[in-house]
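# Reading the structure
Single-letter residue listing:
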Amino acid sequence: METIYFDNAATSWPKPESMVQAMTDFNAGIGASPGRSAHRRSVDSGRLIFEARERAACILGAEDPLGIVFTKNGTEALNIAITGLLKPGDSCITSSMEHNSVMRPLRSLELSGVRLDIISCSESGMLDPDHIKRAIKPDTRAIYLMHASNVTGNVMPVAEVGLIAKEHGIIFCVDAAQTAGAVPIDVKGMGIDMLAFTGHKSMFGPQGTGGLYIRKGLEGMIEPIMSGGTGSRSEYEHQPDFMPDKYESGTPNTIGIAGLGAGIRFVEKTGVGLIRDKERSLLQNFIEGLKKIRGAIIYGPQSISDRVAVVSFNLEGISPSEASLILDEKYRIMCRPGLHCAPQAHRTIGTFPAGTLRFSFGYFNTEEEIEYGLKALYEISRRL
């Protein structure tokens, strides 16, 4: 068996050949900066970016492509949504399962007078929307919530929380790093005001790409985290106030966006539903097999309908880091041990500070790889 990649929650691999080809074609045939010149290659570059915007908007259920801001990753998108909105004296709500891309900006703002209410999730990582409702105060400005956990894979009740936010006039921001491209998303139907996504996971784009959806009209409340050249309104020395230029200073990662657009096109052609079904099948077979291994402790919800294809577990008698090393060196299985940049989530499920082993599957994994992975874990557990 060749090397097996079970680390898709960190970044998806392999990528569609069409993504690699799109980046090669841009570099060989266009290569120019968008919006900075009037020649044909600059125009072609701008057109490529707009087409990628249209694809991103379509897959997220956004009506206006100009509501999509391209960033270098999901973390930058979340920083815009958090630090660009909240001011001293504001209050916000988040969950105990969030990634540090949400927690760290919020903790930083706490030091300047923003109050943070963290809603405790269950030991399986699930969130009760009623707990969100009870935490709302008169000065609550926003709710920040992941769509799915990168630790346990559990899918949060985003639509229910979106309805609560709308009823109370609160801005609702979703971290879709683990779901965009793998789980159906409808920002309007789910009551989402802002949604951060990354390009290099289930959208099958390259690393260094991501974006933020901002509901039309909301941009007046959100300050950019960086200012500079945008290729528009060059006669003014103040930052443009219109979308998406307000948040896209500097030369964009056009070659990366070319790859992202091709990755999204692959998702559209394949179908999010088909991708979801394939990953669920892999997930179910793995969890069923893992339950048969003596000493295996599985974290998160038991039902695959409440999960994306991410499983955190431990084997009794061996640390996650040691097990991961054995899997890599002896079995050529790549996974991720530890805290997964989400210490609060591991406190919630009771695995802090050692963390867990995490297997995360993608569309290109196979049932044969799942069987091999289970065999490897069985052999490790027997030796223990």
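These lines cover the structure that appears in this document, whether it is placed above or below. (Residues numbered from 1 in each chain as written. Predicted model: local features only at pLDDT ≥ 70, side-chain atom pairs only at ≥ 80, totals over all residues. Heavy atoms only, no water.)

### Here's the deal with the nonpolar core
As a reminder of what qualifies: To form a nonpolar core, buried Ala, Val, Leu, Ile, Met, Phe, Trp, Tyr and Cys residues must be joined to one another through side-chain atoms within 4.5 Å. Accessibility here uses a 1.4 Å probe with only protein chains present; expressed as a share of the type maximum, an area under 20% marks a residue as buried, one over 50% as exposed, and anything in between as partly exposed. Put simply, DSSP marks the helices as runs of H or I at least four residues long and the strands as runs of E at least two long, and each gets a number from the N terminus on. Note on contacts: a residue pair is in contact if any heavy atoms of the two residues lie within 4.5 Å.
Grouped together as the largest cluster of nonpolar side chains are 52 residues, with contacts concentrated most on L60, F172 and L195. Per element, the largest residue contribution to this core is six residues, and it comes from helix α2 (residues 40–60). Here F172 is in contact with I143, L145, V158, V161, G162, A165, M190, G191, I192, D193 and M194, once residues within four sequence places are set aside. Among the nonpolar cores identified, the runner-up in size contains 28 residues, and L315, I333, F361 and L374 belong to it.

### Focus on the sheet that holds strand β7 (residues 194–198)
Selection rule: Here, any two strands with at least 2 DSSP bridges between them count as paired. Only the contacting stretch of a helix is used when fitting its axis, a line to C-alpha atoms as for every element, and angles between N-to-C directions run 0 to 180 degrees.
Strands sit in the order β2-β8-β7-β6-β5-β3-β4 across an open sheet of seven strands; the sheet is mixed. Only two strands of the sheet have a single partner each, and these edge strands are β2 (68–71) and β4 (115–119). Along the sheet, successive strands turn relative to each other by an average axial angle of 20°, direction set aside. As judged from the four bridges shared by β2 and strand β8 (residues 210–214), these two strands associate in the antiparallel manner. Residue F70 lies in a different strand from β8, and its bridge partner there is G211. Strands in contact with helix α3 (residues 74–83) are β2, β5 (140–146), β6 (171–175), β7 and β8; relative to β7, the strand with the most contacts, it is inclined by about 160°.

### Some details on the sheet that holds strand β13 (residues 356–360)
Taken together, the four strands give an open sheet; going across it, the order is β9-β10-β13-β12, and neighbouring strands pair in antiparallel fashion. This sheet does not close on itself; its edge strands, each paired only once, are β9 (296–299) and β12 (336–338). Pairwise comparison of adjacent strand axes, ignoring direction, gives a mean angle of 30° for this sheet. With three bridges joining them, β12 and β13 adopt antiparallel strand pairing. Looking across to β13, one finds that G338 is bridged to T356. Against the sheet, helix α9 (residues 320–331) contacts β10 (310–315), β12 and β13, and its axis sits at roughly 45° relative to β13.

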